[in-house]
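Each chain, letter by letter, is given below.
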Amino acid sequence: MALTLQRARAATVAAVAGLIALPYAGVADFYLSYLYVIFFWIALATSWGILSGYSGYWSFGHAAFFGAGVYTAATLAGKWGVPFLLTVPAAAAIAAALALGIGLVVFRIKSLRAEFFALLTLSVTYVLAAIISNTPLDGGGGVYLSNVAIPQFGTTVPGAIYLLGLALALAALAVSRRILRSRLGAGLLAIHDDEDVAEVKGVPTLHYKLIAFAISSAIAGAAGAIQAGYLGYVTVGETFSITVPLYVVLMSILGGARHWAGPAIGATLITVALSLFVGGGHAEIGRAGVALALVVVILVLPQGIVPSLLARRVRRKDPAPAAAQEAHNVVVMQAPAIHAATGRPLLVCRGVAKSFGGIRALQGVHLQVDEGEILALVGPNGSGKSTLINMISGHFSLTSGTIELAGARLDGLAPHEIARRGIARTYQIPRLFDHLTVLENVRLCAFFGGTRESAGEGDAEALARRWLAFTGLEAKADLLPPALNLHERKFVELARALAARPRLLLLDEVLCGLTPTEVDQAIAMIRKIRAGGTTIVFVEHLMRAVVALADRIAVLDQGALLALGQPRETMQDPRVVGAYLGTAHAA
Ligand SMILES: Nc1ncnc2c1ncn2[C@@H]1O[C@H](COP(=O)(O)OP(=O)(O)OP(=O)(O)O)[C@@H](O)[C@H]1O
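Residues numbered from 1 in each chain as written. Predicted model: local features only at pLDDT ≥ 70, side-chain atom pairs only at ≥ 80, totals over all residues.

**Student:** How should the confidence of the model for the chain be read in this particular structure?
**Tutor:** For any part of a model where pLDDT is low, the fine detail of the predicted coordinates should not be relied upon. Looking at the chain as a whole, its pLDDT mean stands at 88, while 90% of the residues score no less than 70. The low-confidence segment residues 318-337, where pLDDT is below 50, has 32 contacts with residues more than four positions distant or belonging to other chains. Across residues 583-587, confidence stays below pLDDT 50; counting only partners more than four residues off in sequence or on other chains, it has seven contacts. Listed scores for the predicted complex are pTM 0.88 and ipTM 0.96. (pLDDT = per-residue confidence, 0-100. Contact = placed C-beta atoms within 7 Å.)

Now the structure itself:
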């Protein structure tokens, strides 16, 4: 394995050295320019993938950031005489600033996800084009850069442009690869699948989207500056055309937008295919051919070329890693062992209320949960149990009231900040990240959750495997969630919550839909989790489990706290029987 890695590194270094040597080895300018065009599209498509491929926020406004770069170079170098090389970082900075400005407004608005984001970014392109066209930046006639001195690095001008393009393409690939393997990449992939859940699991979604947008746009801006030097004359019409966003999207889909190398492979294939047809004088046929090939690839390899090929390689490998054979006897120690409540308050809800339009889902609930306690939250359907869990985890904001964890206010905090303070939750209907494997789902929560030092990459993987072993899912680590049954999906939810090392674990109907044997397993697990030092609040309809597990139960009815106390006595309270009749017996 180490040898293969070393060989791959040596081959990469040799290939890069060979590419750098080309202009000095007498290769004709024509071929250098041809290769530059490929590098240009690799840089642009890879930069698009950093935001749009990873996080799923498809931008159709890449021409805006590319164009900002083109006109930064055209203005600085073409009009003001700034040295050309300085315009490249300046273009990157201006494009990144533009993206940050747009992102700070757009990313805060939940309704501007998916197709609305695509449309909005597209309209930014046209607004920017109109501004540049109607100001001295262009004025409508285009800008010449023919008088701009391009530094030649000991070769020709096309050779220098080639080297700049190569450097940018390599930088874009290196950045994209680094991001994909970092916490940022893990967070972006989770945002792609379910942004709200990613936030609740501790991913600072706004922050991450802004970083990705800025990096993506900075690379596009730098590509624009180099392209301005390559063209020597730029116009608004050519710069801000639909070609850039359309091509980068097609290239990324073809190669695979969720892999760092995918857009580059797509860019190379499409650029070479188009140039073959243009060279033969059949540009229209070339474009039609590329479109047809794209349709075929989408049908055969919907994830794109690179991820589909990698998935086939993984499938050929042994699915059960040797490290994960520990099974159920895993010791679950998160903190000093606790077998009963300590009497110290951990969670305090005061007058918690939530209204959805006219529906008063919670009406001023007061509730205290002590450290080390297991508290069951019960009540008839629609009584507000899940809403309370959603408020504690920050999924919903409070209409009124306060929530404290260990004396510190939680209300008003973003969900990812609440997760960082030590609260983890499961969902009644599992909400797993469907494009991440079971192991990646759990590892993400180890990365982002928890109050202690964040887990590093190796620690996160080890933690994830440990909790998968605890929940009996070690053999499923490499599967994608849609391949699991309900019981397994629920246990992945549990493993994800545990990997966050929570002080307070919120379980929302984790036993619902399980067979009696699975329920017994789950009860034993929940006892072990408490013994490991975690306080638990669980919503449950199954009275057998409530009585077996809970130290106290809180009964909600129509959004209000109806009763609170020992399980058996409370369930016999006539008010509870009245509110509950039918549901409890059915369970
Ligand atoms: N996002 C929402 N928008 C509008 N109304 C909601 C929303 N979430 C919950 N409600 C309403 O709030 C009330 C409480 O719902 P909640 O899901 O908290 O009940 P529950 O006790 O968890 O029920 P169940 O046992 O069926 O899961 C219900 O009337 C429900 O319709």
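**Student:** What is the right way to read the environment of Phe84 from this model?
**Tutor:** Position of Phe84 relative to the elements: it lies in helix α4 (residues 84-106). Remark: the alpha-carbon pair of Phe84 and Ala228, spanning 144 residues in sequence, is separated by 9.9 Å. Phe84 has contacts with Ala77, Val148, Ala149, Ile150, Pro151 and Gly229, leaving out every residue within four places of it along the chain. (Helix = DSSP H or I, 4+ residues; strand = E, 2+ residues; numbered from the N terminus.)

**Student:** For this particular structure, what's the right way to read the nonpolar core?
**Tutor:** Most often, soluble globular proteins keep nonpolar side chains buried together rather than apart. Residues Leu44, Ala95, Val442 and Ala495 are the most contacted members of the largest nonpolar core, which totals 181 residues. When residues of this core are assigned to domains, at least three fall in each of domain 1 (14-241) and domain 2 (336-434 + 501-586). Filtering out sequence-adjacent residues up to four positions away, Ala95 remains in contact with Phe65, Ala68, Gly69, Ser217, Ala218, Ala220 and Gly221. (Core = buried A, V, L, I, M, F, W, Y, C linked by C-beta atoms within 7 Å. Buried ≥ 20, exposed ≤ 12 C-beta atoms within 10 Å, placed from the backbone. Domains from an automatic or database assignment.)

**Student:** Quick question: what am I supposed to make of the sheet that holds strand β12 (residues 560-565) here?
**Tutor:** What holds strands together in a sheet is hydrogen bonding between their backbones, with the strands either parallel or antiparallel. Here we have six strands laid out as an open sheet, ordered β8-β9-β10-β5-β11-β12, and mixed in their pairing. Where the open sheet ends on each side, the last strands, each with one partner, are β8 (423-425) and β12. Averaged over neighbouring strand pairs, the angle between their axes works out to 20° when direction is ignored. Bridge count for strand β5 (residues 374-378) against strand β11 (residues 552-557) is four bridges, and the pairing is parallel. Note that in β11 the partner of Leu375 across the bridge is Arg552. Each of β5, β8, β9 (504-508), β10 (535-539) and β11 is contacted by helix α15 (residues 385-392), which is oriented at about 145° to β9, the strand it contacts most. (Pairing = 2+ DSSP bridges. Axes fitted to C-alpha atoms, helices over the stretch in contact; angles between N-to-C directions.)

**Student:** I would appreciate a short explanation of the site of the ligand in the present structure.
**Tutor:** Near the ligand you find Phe356, Ile359, Ala361, Gly379, Asn381, Gly382, Ser383, Gly384, Lys385, Ser386, Thr387 and Gln428, and these make up its full shell. Only β4 (359-370) and α15 provide two or more residues apiece to the shell around the ligand. Counted by class, the shell around the ligand contains three nonpolar, eight polar and one charged residues. (Near = placed C-beta within 6 Å. Nonpolar A, V, L, I, M, F, W, Y, C, P; charged D, E, K, R; others polar.)

**Student:** I keep staring at the sheet that holds strand β6 (residues 400-405) and nothing clicks. Help me out?
**Tutor:** One open sheet holds the four strands; their spatial order is β4-β3-β6-β7, and the pairing between them is antiparallel. For this open sheet the edge positions go to β4 and β7 (408-409), each flanked by a neighbour on one side alone. Taken together, the two bridges between β6 and β7 define a ladder with antiparallel strand orientation. Opposite Leu405, over in β7, you have Ala408 as the bridge partner. Of the strands in this sheet, β3 (345-356), β4 and β6 are in contact with α15, which crosses β3 at around 115°.

**Student:** Sorry if this is basic, but what is going on with the pairing of β4 here?
**Tutor:** Both faces of the sheet carry side chains from a regular strand, because those side chains alternate between them. Here β3 pairs with β4 via nine bridges, running antiparallel. By the bridge assignment, Leu347 is partnered in β4 with Val369. The loop that links β3 with its antiparallel partner β4 comprises two residues; one of these, Gly357, has a positive phi angle of about 60°.

**Student:** Sorry, what's going on with helix α11 (residues 243-255) here?
**Tutor:** In an α-helix there are 3.6 residues to a turn, and that puts residues three or four apart on one side. Compared with the 18 Å implied by 1.5 Å per residue over 13 residues, the 18 Å span of α11 between its first and last C-alpha is a close match. Burial within α11 is extensive, with 10 of its 13 residues counted as buried. Along α11, the residues that are buried comprise Val244, Pro245, Tyr247, Val248, Val249, Met251, Ser252, Ile253, Leu254 and Gly255. Following α11 by one or two positions, Gly256 has its phi on the positive side, about 115°. (Expected span 1.5 Å × (residues − 1).)

**Student:** Please explain the packing of helix α17 (residues 438-448) against helix α19 (residues 486-499) as it appears in this structure.
**Tutor:** For any two helices packed against each other, the geometry is given by the interaxial angle and the distance between the axes. Two elements in contact, α17 and α19, have axes whose closest approach is 7 Å; the angle formed by their N-to-C orientations is 30°. In terms of their interaxial angle, α17 and α19 are classed as roughly parallel. Regarding α17 and α19, the two cross each other, and that crossing is right-handed. Side by side, α17 and α19 meet where Val438, Asn441, Val442, Cys445 and Ala446 of the first sit next to Val492, Ala495, Arg496 and Ala499 of the second. Counted by class, the contact of α17 with α19 contains seven nonpolar, one polar and one charged residues. (Parallel < 35°, antiparallel > 145°, perpendicular 65-115°, else oblique. Left-handed = near helix turned anticlockwise from the far one by under 90°.)

**Student:** Explain the domain arrangement of the chain to me, please; I cannot follow it from the model alone.
**Tutor:** Interface size is commonly expressed as the accessible area that is lost once the parts come together. For the chain, the assigned domains read domain 1 (14-241) and domain 2 (336-434 + 501-586). One C-alpha centre belongs to domain 1, the other to domain 2, and the line joining them spans 48 Å. The interface is formed by 12 residues belonging to domain 1 together with 12 residues belonging to domain 2. The element that contributes the greatest number of residues to the side of domain 1 that touches domain 2 is helix α8 (residues 195-200), accounting for four residues. Residue classes in the side of domain 1 that touches domain 2 are distributed as five nonpolar, two polar and five charged.

**Student:** Help me out: how do you make sense of the pairing of β11 in this one?
**Tutor:** Bridge count between β11 and β12: five bridges; the pairing is antiparallel. Opposite Leu556, over in β12, you have Leu561 as the bridge partner.

**Student:** Sorry, what's going on with helix α2 (residues 29-55) here?
**Tutor:** Its 27 residues give α2 an end-to-end C-alpha distance of 39 Å, which sits within 8% of 39 Å, the value for a rise of 1.5 Å per residue. Bending of α2 peaks at approximately 50° at the position of Gly49. The buried count for α2 comes to 21 of 27 residues, which makes it a mostly enclosed element. Just beyond α2, the residue with positive phi is Gly56, at close to 80°. (Bend = angle between axes of the 7 residues up to and from the residue.)

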